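Chain residues, written in single-letter form:
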Amino acid sequence: MSNSFESLFNPDSIAVIGASAVPGKVGYRIVENIISKNYKGKLHLVNPKGGMILEHEAVRGVEELPENIDTAIITTPKKSILPLVEECVKHGLKNLVVFTAGFREMGAEGKADEARLKELLANSNTRLIGPNCGGYCNPSAGLHATFEIYPKRGKVALVSQSGSICSVVTSNLAAMNIGISKYISLGNKLNVNEVDILDYLADDPETEVIVMYLEDVDNGKALMESAKRVSLKKPVVVMKTGRTKEGAQATLSHTGALAGNDKVADGAFKQMGLIRVDTLRDLFNVTGTILKIKDMANNELAILSDAGGPGVIAADAASSWGLKVSRTGDKARAELKAVLPDIASVVNPIDITFTRDISLYAKSIAILENQGYGAMLVTIPSHFDIKDEHVEWMSRVRKESSLPLAVAWLCADEVEPQKRRLWDAGVPAFDDPADAVYCLSRVYFYSEWKRKRTLG
Amino acid sequence: MHEIIEKAAVRGYLLEPEAMDLLKAYSFPIQDHHFLADNSTDNIPETISYPVVVKVVSPQIIHKSDVGGVKVNIQSKVELSAAISSMRAGIVSQLPDANIHGWKVDPFVSGGLEIILGAVNDSQFGMTLMLGVGGVFTEVINDSVFRVVPVSEVDIEDMISELKTQVFFEGFRGNKPLDKDVLKQMLLALNNLIEDNPLIREVDLNPIICNGPEIIPVDARIILAGQGAA
């Protein structure tokens, strides 16, 4: 395939077809967004009336554009699309990103139009993203071809069947100070679908974790082939909606798609090593966690707490999610007993009891570090005004130790800035011990999947 | 494609003895059965050991229990003979046009954990394997796992460990712990059966009675493309 997705995500030239000089119009805002983010390539504008738009000269038609434009953003009305696409194909445009709606999602006539679009694209090198798509972005190229929130540059890529989800994921990951490498909203997936983008992202050095938001799976077999290969390289977190009949019905009206048997999809996703989540909150949390904690060597969880309650909550969650909270070994127990207060519990969960003595945490971890646990969860209900000290010792442990570390810091309002710093330091920080355990269990699931399929 | 399937293609599904023969060809642990042609049920062989299960074999009857076509725990030759007579009478009165080929006699296996193995065609992913716990109660117990063909050995290990009712596998009420290696081999065999025979649309091995290393399918339905299935 001579048209690599590089021409889409790192285009040397972009055309906005349907560019408008009228503020508020789709064709104006897209141009404004592209210009404002310092896109370094060549920008061309197409408007049948020509003229100046945001200090750029617009040409009157596709025929006036140079040949082989990398990407065209198309925002013209529905009735213009078929002849326009035909023209673009003739002119050798490589990627068409069609925002225009009114196709498959609108019923029989729209379906027929999509079939005609498919014919126009056949036997050409031109790709079409959409129609009815929300655009895409690539912060590393200063490329903002969408209305959705523009992210700071980072390591998580998003492939979404919904445009607004791009903004949702961007802003919630930003709360953990996590940025986006690329996101794309696929719309009706007439020509380009999630499998195509997955293949590209697998080899994209800017991307460490891939997130997919899907409402349907067009080609399960193609997804299986591709996803198995991708999952071996980097984790993929998937939210696929339409589980229930009601959910599936909503999907039908959103993009005219039909959801299949969800139990089979569940099994298939596990088989592919995809990490499936059911809620947006889990999507953000799991994505953040697996970005910071790439691997868990086993499913043994050490729980370190300064109060009994949260430790037990974490232990309960562990048994729900397939993690073990095994007793500390005899030697470790003796060493812990030697440094901790008499009333401390050292079995696992290790409850060091309420204390302002920060050093007890570090001492406990030093003892637990090499006991064969796959991860450690520290739960802190309060902070006794030593919150910054907590961040310091946790960050240090994360840097110096090979043991993955997560924190459940329960007094939410008091410690938001501290939790953000912990995420930055590579320590996932949660309000709820159960959330922390769930996310760690997903890291374990992925680690095991990969390990079992990568044996030499 | 296996010749058993080729021969049954026109009919669109396999009769139980055919299904069992096909499974046997794929190394499933299938019990030896006796087949009594309908016109020779007066001569029940002495070699049959009891207790047994007797089932009607007829191209017109897929759901045998619905028409009284299955009788279990038959203790003697006399009982077997009487059972066949009364079953025949009942079936003839319900389905006068049914062509009864004969009667399949199997050893009666009971008292083990019941599981179900199957395969079904999914519109998005193609042929899929299913493993479930509960035999005829599988839908109620709702403990089943799916994987898409082709499955690897590692996929099968994942399937088995994903079942929620693991406790059943550890052994209970005098039952030996289920031999997971035997189950694994069976799932691999099912995978191969599906891969080799693209005409197969549905497989239902239910129930499969498990007791330690003995994992025995006591009924089998295999449905081919063109018989109403997707």
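All of these numbers come straight from a predicted model, not from anything done at the bench.

Now for the confidence of the model for chain A. With 95% of its residues at a pLDDT of 70 or more, chain A has an overall mean of 92. Scored below 50 in pLDDT, residues 251-259 of chain A makes 30 contacts in the model with residues more than four places away or belonging to other chains.

So, on to the interface of chain A and chain B. Counting from both sides, the interface comprises 21 residues of chain A and, opposite them, 16 residues of chain B. Contact between chain A and chain B buries roughly 1600 Å² in total, counting both sides, with carbon and sulfur atoms accounting for 51%. When the area that chain A buries against chain B is broken down by residue, the three leading residues are Lys263, Val264 and Gln271 of chain A, summing to 35%. Here chain A is connected to chain B by four salt bridges. Put simply, Arg453 of chain A and Asp158 of chain B hold a salt bridge, and the shortest N to O gap is 3.1 Å. Among the elements of the structure, helix 7 (220-233) and helix 9 (262-271) of chain A are those that each provide at least two residues to the side of chain A that touches chain B. Sorting elements by how many residues they give to the side of chain A that touches chain B places helix 9 of chain A first, with eight residues. Here the side of chain A that touches chain B is built from residues that sort into nine nonpolar, six polar and six charged.

With that settled, consider a nonpolar patch on the surface. Taken together, Val136, Phe137, Val140 and Ile141 of chain B make up a surface patch of nonpolar side chains, about 420 Å² in accessible area. Within the secondary structure, Phe137 of chain B is located in the loop between strand 7 (126-133) and helix 4 (138-141).

Our next topic: the sheet that holds strand 11 (residues 180-185) of chain A. Residue and element names in this part refer to chain A. Ordered in space as 9-8-11-10-12-13-14, the seven strands form an open sheet in which the pairing is mixed. Looking along the sheet, the strands with just one partner apiece sit at the ends: strand 9 (143-146) and strand 14 (275-276). The sheet contact formed by strand 8 (residues 135-138) and strand 11 spans three bridges and is antiparallel. Each bridged residue has a counterpart across the sheet, and for Tyr136 the counterpart in strand 11 is Ile184. The strands touched by helix 6 (residues 194-202) are strand 10 (153-160), strand 11, strand 12 (209-214) and strand 13 (236-240); relative to strand 12, the strand with the most contacts, the crossing angle is about 175 degrees.

In this section: the state of the cysteines. Here the structure, examined in full by the defined rule, presents zero disulfides over all chains. There is no disulfide at Cys439 of chain A, and the cysteine sulfur nearest it, in Cys411 of chain A, is 20 Å away.

What follows concerns the confidence of the model for chain B. Residue and element names in this part refer to chain B. Residues with a pLDDT of 70 or more make up 98% of chain B, whose mean pLDDT is 89. Model confidence for chain B, summarised as mean pLDDT per element, is weakest for helix 4 at 74 and strongest for helix 7 (residues 180-196) at 96. In the predicted assembly, ipTM is 0.88 and pTM is 0.91.

Turning next to the nonpolar core. Residues and elements named next belong to chain A. Leu301, Met376 and Val378 are the most contacted members of the largest nonpolar core, which totals 79 residues. No other element matches helix 16 (residues 433-452), which puts nine residues into this core. Once you skip the residues sitting within four places of it in the chain, Met376 turns out to touch Leu301, Ala302, Leu304, Ile365, Leu368, Leu403, Pro404, Leu405 and Ala406.

A separate point is the sheet that holds strand 2 (residues 34-37) of chain B. Residue and element names in this part refer to chain B. Spatial strand order, 2-5-3-4: four strands in an open sheet with antiparallel pairing. In this open sheet, the two edge strands, each paired with only one partner strand, are strand 2 and strand 4 (70-74). Within this sheet the neighbouring strands show an average axis-to-axis angle of 20 degrees, counted without direction. Across the sheet, helix 2 (residues 16-25) is in contact with strand 3 (52-57) and strand 5 (102-107); its angle to strand 5 comes to roughly 45 degrees.

Among the secondary structure elements, Arg147 of chain B is positioned in strand 8 (residues 144-148). Of the residues examined, Arg147 of chain B reaches a relative accessible area of 1% and is grouped as buried. Not counting residues within four places of it along the chain, the set of residues in contact with Arg147 of chain B comprises Gly267, Lys270 and Gln271 of chain A together with Thr128, Leu129, Asp155, Asp158, Met159 and Glu162 of chain B.

Rules and cut-offs
Residue numbering note: each chain is counted from 1, following its sequence as written. Chains carry letters and ligands carry numbers; both start at the beginning, A for chains and 1 for ligands, and go up in the order they are written. Only residues with pLDDT of at least 70 get local features here, since the model is predicted, and only at 80 or more are side-chain atom pairs given and counted; chain-wide, interface and lining totals rely on the full set of residues. The side-chain numbers reported here are obtained from all heavy atoms of the structure, hydrogens and water having been left aside. Confidence per residue, as judged by the predictor, is encoded in pLDDT with a range of 0 to 100. Residue contacts follow a heavy-atom distance rule, with two residues in contact if any of their heavy atoms lie within 4.5 Å. Buried area, as used here, totals the accessible surface that two parts lose on assembly, with accessibility defined by a 1.4 Å probe and the loss added over both. Counted as salt bridges are all cases of a side-chain nitrogen of Lys or Arg within 4 Å of a carboxyl oxygen of Asp or Glu. Helix and strand definitions here come from DSSP, where helices need a minimum of 4 consecutive H or I residues and strands a minimum of 2 consecutive E residues; each element is numbered from the N-terminal end. Here the nonpolar group is Ala, Val, Leu, Ile, Met, Phe, Trp, Tyr, Cys and Pro; Asp, Glu, Lys and Arg are the charged ones; every other residue, Gly included, is treated as polar. A residue counts toward a patch only above 30% relative accessible area and without a salt bridge, and it is joined to like-charged neighbours within 9 Å or, for Val, Leu, Ile, Met, Phe, Trp and Tyr, to nonpolar neighbours within 5 Å. In this description, accessible areas are obtained by the Shrake-Rupley approach with a 1.4 Å probe, and a residue is regarded as covered only by the protein chains that are shown. Any two strands between which DSSP finds at least two bridges are classified as paired. Where helices are involved, their axes are fitted lines through C-alpha atoms of the stretch in contact, as for all axes, and angles between N-to-C directions lie from 0 to 180°. In this description, the term disulfide denotes a pair of cysteine sulfurs within 2.5 Å. By convention a nonpolar core is built from buried Ala, Val, Leu, Ile, Met, Phe, Trp, Tyr and Cys residues, the set being connected through side-chain atoms within 4.5 Å. Here the term buried applies to any residue with accessible area under 20% of the maximum for its type, exposed to any over 50%, and partly exposed to those in between, with areas from a 1.4 Å probe on protein chains only.

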